[in-house]
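As a plain string of letters, each chain reads:
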Amino acid sequence: MNTIINNITSFISNISSDKINGLINNKITYSVIIAVIAVVIGIAIFKRLLNLSVRVLMGVLLIAFVLFVGPRINVFILNKLEAYGFHGIIETKLSEIIDGDIEAKVIRDYKMETGQDIDINNRALIEELKAEAFKVNPEMNDELNLIANAGFPKIVTKTILLNIKDPGSPTIVATSFPEYTAKFLILRMVTLLSYLIAFLVACELFKEPGSKYGKHYLT
């Protein structure tokens, strides 16, 4: 009887020992798997952060490059336009177009207010009406001068102007509002073109080295 009991006890002990050893082995296996997964995830996160850091750095450098080079390209283009006479041609043409629009507007407004047509040969009256309707305020900057003469409802114009703490002063010198507007348009168009050129050049300069398909750090 004692022999049977001892055999049963020994069998149970062996089973428990095997299970315990199995559990221990399983824990080690699970720990190794979890550790490997954690390392892989950590490496992936580190690489993403590294790529993000490079992109942020390249983005800052690109912006700095555009802000530095853009104004210089702007001056270069304006000088070339002036040297070859294109600036004066473009300005004159734009002034004529704008002057024609202004004249048509003041003639139409005069008829609506008085019910009478203006004699087209009465240039003195037409020029006077144009000068009164469209003029440059020396106490406002270029943008605000154009907004004030844009034909918005008076309530909208007043609201805009009242919310500007420092209206500044105009930087463009012109003898008439059409000339003033033409110069403003040329300057802003050339500025926009200059910054666009600077941005495109920056994108090429900051292209990832050895990239066959033009991959950039920022993409």
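Computed from a predicted model, the values in this text were never measured in an experiment.

### Here we look at the nonpolar core
(1) Moving on: Grouped together as the largest cluster of nonpolar side chains are 28 residues, with contacts concentrated most on Leu62, Ile102, Phe177 and Val190.
(2) Moving on: Of all the secondary structure elements, the ones that give two or more residues to this core are α1 (2-83), α2 (86-114), α3 (123-133) and α6 (177-205).
(3) Moving on: Counting residues per element, this core draws most heavily on α6, which supplies 9 residues.

### Focus on the layout of surface pockets
(1) Moving on: By volume, the largest pocket is sized at about 560 Å³.
(2) Moving on: Residue contributions to the lining of the largest pocket peak at 5 residues, all from α2.
(3) Moving on: When the residues that make up the lining of the largest pocket are grouped by side-chain class, the tally is 10 nonpolar, 3 polar and 6 charged.
(4) Moving on: If you add up the space inside the second largest pocket, you get close to 230 Å³.
(5) Moving on: Along the wall of the second largest pocket there are 16 residues; nearest its centre are Phe134, Thr175, Ser176, Phe177 and Pro178.

### As for the packing of aromatic side chains
The geometry of two aromatic rings is summed up by the distance between their centres and the angle between their planes.
(1) Moving on: Inspection of every chain in the model, using the stated rule, returns 3 aromatic pairs.
(2) Moving on: Here tyrosine 84 and phenylalanine 86 contribute two aromatic rings whose centre-to-centre distance is 6.4 Å and whose plane-to-plane angle is 35°, an arrangement assigned as tilted.
(3) Moving on: Of the residues examined, tyrosine 84 reaches a relative accessible area of 60% and is grouped as exposed.
(4) Moving on: Aromatic pair phenylalanine 134 and phenylalanine 177: ring centres 5.6 Å apart, planes at 35°, arrangement tilted. In this pair, phenylalanine 134 is assigned in the loop between α3 and α4 (142-148) and phenylalanine 177 in helix α6, connecting sequence segments 43 residues apart.

Quick notes on the rules
- Residues numbered from 1 in each chain as written.
- Predicted model: local features only at pLDDT ≥ 70, side-chain atom pairs only at ≥ 80, totals over all residues.
- Heavy atoms only, no water.
- Core = buried A, V, L, I, M, F, W, Y, C linked by side-chain atoms within 4.5 Å.
- Buried < 20%, exposed > 50% of the residue type's maximum accessible area, 1.4 Å probe, protein only.
- Helix = DSSP H or I, 4+ residues; strand = E, 2+ residues; numbered from the N terminus.
- 1 Å grid on protein atoms, 1.4 Å probe; cavity = no way out; pocket = protein on both sides within 12 Å on 5 of 7 lines; lining within 4 Å.
- Points joined across faces, edges and corners; volume = space filled by probe spheres on them.
- Nonpolar A, V, L, I, M, F, W, Y, C, P; charged D, E, K, R; others polar.
- Phe/Tyr/Trp six-rings, centres within 6.5 Å; stacked < 30°, edge-to-face > 60°.

Fair warning: the whole summary comes from geometry, so function is off the table for now.
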